[in-house]
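Chain by chain, the residues run as shown.
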2 protein chains.
Amino acid sequence: MRSLADRKRQLVRDELSEAALKLLAYQGFEETTIEQIAAAAGVSKRTFFRYFAAKEDVLIEMLSELADAIRAGLATRPASESPAEALRAVFQIPIDEFTTGHPDPAKSLRLARLVLGTPAVRARYLDRQHQLRTEVAGLLAARTGEPYRASVQAAIGFAAYEAAVERWAAADGAEDLGELVDQAFAQASLALA
Amino acid sequence: MRSLADRKRQLVRDELSEAALKLLAYQGFEETTIEQIAAAAGVSKRTFFRYFAAKEDVLIEMLSELADAIRAGLATRPASESPAEALRAVFQIPIDEFTTGHPDPAKSLRLARLVLGTPAVRARYLDRQHQLRTEVAGLLAARTGEPYRASVQAAIGFAAYEAAVERWAAADGAEDLGELVDQAFAQASLALA
DNA sequence: CCTTAGTTGACACTCAGTGCCATGCGAGGC
DNA sequence: GCCTCGCATGGCACTGAGTGTCAACTAAGG
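Predicted, not measured: the structure shown is a model, and the values here were computed from it.

About the cut-offs
Residues numbered from 1 in each chain as written. Chains lettered and ligands numbered in written order. Predicted model: local features only at pLDDT ≥ 70, side-chain atom pairs only at ≥ 80, totals over all residues. Heavy atoms only, no water. Helix = DSSP H or I, 4+ residues; strand = E, 2+ residues; numbered from the N terminus. Rg over C-alpha atoms; globule rule 2.2 N^0.38 Å. Buried < 20%, exposed > 50% of the residue type's maximum accessible area, 1.4 Å probe, protein only. Contact = heavy atoms within 4.5 Å. Areas by Shrake-Rupley, 256 points an atom, 1.4 Å probe, with all protein chains shown as cover. Lys, Arg positive; Asp, Glu negative; His and termini not counted. Charge placed at Lys NZ, Arg CZ, Asp CG, Glu CD. 1 Å grid on protein atoms, 1.4 Å probe; cavity = no way out; pocket = protein on both sides within 12 Å on 5 of 7 lines; lining within 4 Å. Points joined across faces, edges and corners; volume = space filled by probe spheres on them. Least-squares fit on C-alpha atoms with pLDDT ≥ 70 in both. Near = heavy atom within 4 Å. Polar contact = N/O pair within 3.5 Å; in protein donor to acceptor, adjacent residues only side chain to side chain. Buried area = accessible area lost by both parts, 1.4 Å probe. Salt bridge = Lys/Arg side-chain N within 4 Å of Asp/Glu carboxyl O. Axes fitted to C-alpha atoms, helices over the stretch in contact; angles between N-to-C directions. Parallel < 35°, antiparallel > 145°, perpendicular 65-115°, else oblique. Nonpolar A, V, L, I, M, F, W, Y, C, P; charged D, E, K, R; others polar.

Asks: I would appreciate a short explanation of the overall build of chain A in the present structure.
Replies: Each helix and strand in chain A was counted, giving 11 helices and zero strands. What you see in chain A, going N to C, is helices and strands ordered as α-α-α-α-α-α-α-α-α-α-α. Relative to the compact-globule value of 16 Å for 193 residues, chain A shows a C-alpha radius of gyration of 18 Å, a close match. Summarising its shape, the C-alpha atoms of chain A cover approximately 50 × 40 × 30 Å along the three principal directions. Split into buried and exposed, the 193 residues of chain A put 49% on the buried side. In chain A, the share of contacts with a sequence separation of at least 24, taken over all contacts with a separation of at least 6, comes to 64%. Working note: accessible area of chain A is about 9200 Å², and carbon and sulfur atoms make up 52% of it. Placing the 23 positive and 27 negative side-chain charges of chain A at their respective mean positions leaves the two points 6 Å apart.

See below:
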């Protein structure tokens, strides 16, 4: 069982996340100050920075569990699988989270649109994905023993996934994300063999 | 002929770029203030911001001519070419610039390593590439009439190119960039058909 | 010579982000 | 039950990015 202090900490963190998402979505990213977010969560500006290193991170870190899950998922995939199969399988994790996840699908979509529509946040997000891609490349290289080939495969796999997510967000969730990823991978998998 | 004022402006801009590249490469990005860069170029901090919107942009904008060239190059490619051929062809522009370009190859490499090695700059760079990728997708869509397919193709093409450049920078330029891109495209082109 | 447009420096200001220190509070030892 | 010890917090001061404003200067053209 987690200690009281730990649960308190999680509470403050959730409070900050929720306040931030609400304010940022309503007023826009640039127009919202950290003091506003902190005040809305009932803490000081200084405390905000004890939970998040930067304003962008309040949004980005909501997605970091997904990155962890992808890393972990790929590590436990059978080595007999091709890179294409393994990648397609682990990308199912964020898909499920976005479309049928706990925090409710509409919230996921709002977050996605906010992240992809705000230059400063998008830049940070792309950098995170880039980092994740590098790690995934490492995992693939460990399977095949061909580092460069693996990094190209990882790059292509992420490219397909990203194209699908952007299309999904741009269409306001009207199209099925799983299908979009399937289509993208159908195209990409020729290069992932 | 450009007016005196225009040439003066270009002079200041070059002065700022050069001072920035030198200082940032030596001291690191975070450790260098804009006032230092401005002072080294002989202007005030306020003037710096009249030339570049942010500290990252001094480095990023050195690459923006390449983005323009890629856009322009793709627009003038024969419509008979496949997306794979057209993409491979326009990516030759930055390759030539990096390996045999005017400002000398070593400088290109230093810039590449600085951009890719500094989180804040890398994030901005990835965002620029992302934007370019979107525009390229639009141009491809205009050829084929299949927007989603085109955006996946653009994403994959850029992924291959990026993987090659990163490998090139990581290897300190020891490997031939053109060959790396060829290898990556050999893999990717299956998906670009 | 005079006017106009564009460039610059100086100053003041907001806001992001960090370091430091004092205070408060829960947990466990005595 | 008291007393520390550790940790979270708030407040404060400070640096640096980035912006608005204004006055001074300068090239260009009538």
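Next comes the rest of the description.
Asks: Explain empty space enclosed by the protein to me, please; I cannot follow it from the model alone.
Replies: Gaps left between atoms are located by rolling a probe of water-molecule size over the structure's atoms. Here the structure, examined in full by the defined rule, presents one cavity of 30 Å³ or more. Approximately 320 Å³ is the volume found for the largest cavity. Along its surface, the largest cavity is lined by 16 residues, and Leu126 and Arg133 of chain A together with Leu126, Arg133 and Glu162 of chain B are the ones closest to its centre. Those elements that place two or more of their residues in the lining of the largest cavity are α9 (119-144) and α10 (147-170) of chain A together with α9 (119-144) and α10 (147-170) of chain B.

Asks: Looking at this structure, how should I read the relation of the copies chain A and chain B?
Replies: Taken together, a rotation about one axis and a shift along it account for how the two chain copies relate. Superposing chain A onto chain B takes a rotation of 180 degrees plus a shift of 0.0 Å along the axis, which leaves an RMSD of 0.1 Å. In short, the pair behaves as if placed about a two-fold rotation axis. Of the interface residues in chain A, 100% have counterparts in chain B that sit at the interface too, so the contact is made through matching surfaces.

Asks: Got a minute to help me understand the environment of Leu59 of chain A in this structure?
Replies: As for its position among the elements, Leu59 of chain A is in helix α4 (residues 55-60). Excluding residues that lie within four positions of it along the chain, Leu59 of chain A makes contacts with Leu21, Leu24, Leu111, Leu114, Val115 and Val121 of chain A.

Asks: What's the story with the protein's contact with DNA strand D in this structure? I'm lost.
Replies: Surveying the vicinity of DNA strand D reveals 20 residues, the closest of which are Thr47, Arg50 and Tyr51 of chain A together with Arg46 and Lys55 of chain B. Within the side chain of Thr47 of chain A, a nitrogen or oxygen atom sits 2.4 Å from a phosphate oxygen of DNA strand D. At a separation of 3.1 Å, a base oxygen of DNA strand D approaches a polar side-chain atom of Lys45 of chain B. For the surface near DNA strand D, the elements supplying multiple residues, two or more each, are α1 (4-27) and α3 (45-51) of chain A together with α3 (45-51) of chain B.

Asks: Help me understand the interface of chain A and chain B in this model?
Replies: Interfaces are frequently sized by the accessible area removed from exposure as the parts join. On the chain B side, the residues contacting the 29 residues of chain A number 29 residues. With both sides pooled, the region where chain A packs onto chain B buries about 2500 Å², and carbon together with sulfur makes up 59% of that total. It is Asp127, Tyr148 and Gln187 of chain A that lose the most area in chain A upon contact with chain B, and together they represent 28% of the buried surface on that side. Our count for the chain A to chain B interface comes out at four salt bridges.

Asks: Just to check I follow, could you spell out the packing of α9 of chain A against α9 of chain B for this structure?
Replies: A packed helix pair is summarised by two numbers, namely the angle formed by the two axes and the spacing between the axes. Between α9 of chain A and α9 of chain B, the least distance of the axes is 8 Å, while the angle of their chain directions is 100 degrees. By the angle class used here, α9 of chain A and α9 of chain B are roughly perpendicular. Touching Pro119, Arg122, Ala123, Arg124, Leu126, Asp127 and His130 of chain A of α9 of chain A are Pro119, Arg122, Ala123, Arg124, Leu126, Asp127 and His130 of chain B, all from α9 of chain B. A per-class count over the contact of α9 of chain A with α9 of chain B returns six nonpolar, two polar and six charged.

Remember that the coordinates give geometry; whether it matters functionally is a separate question.
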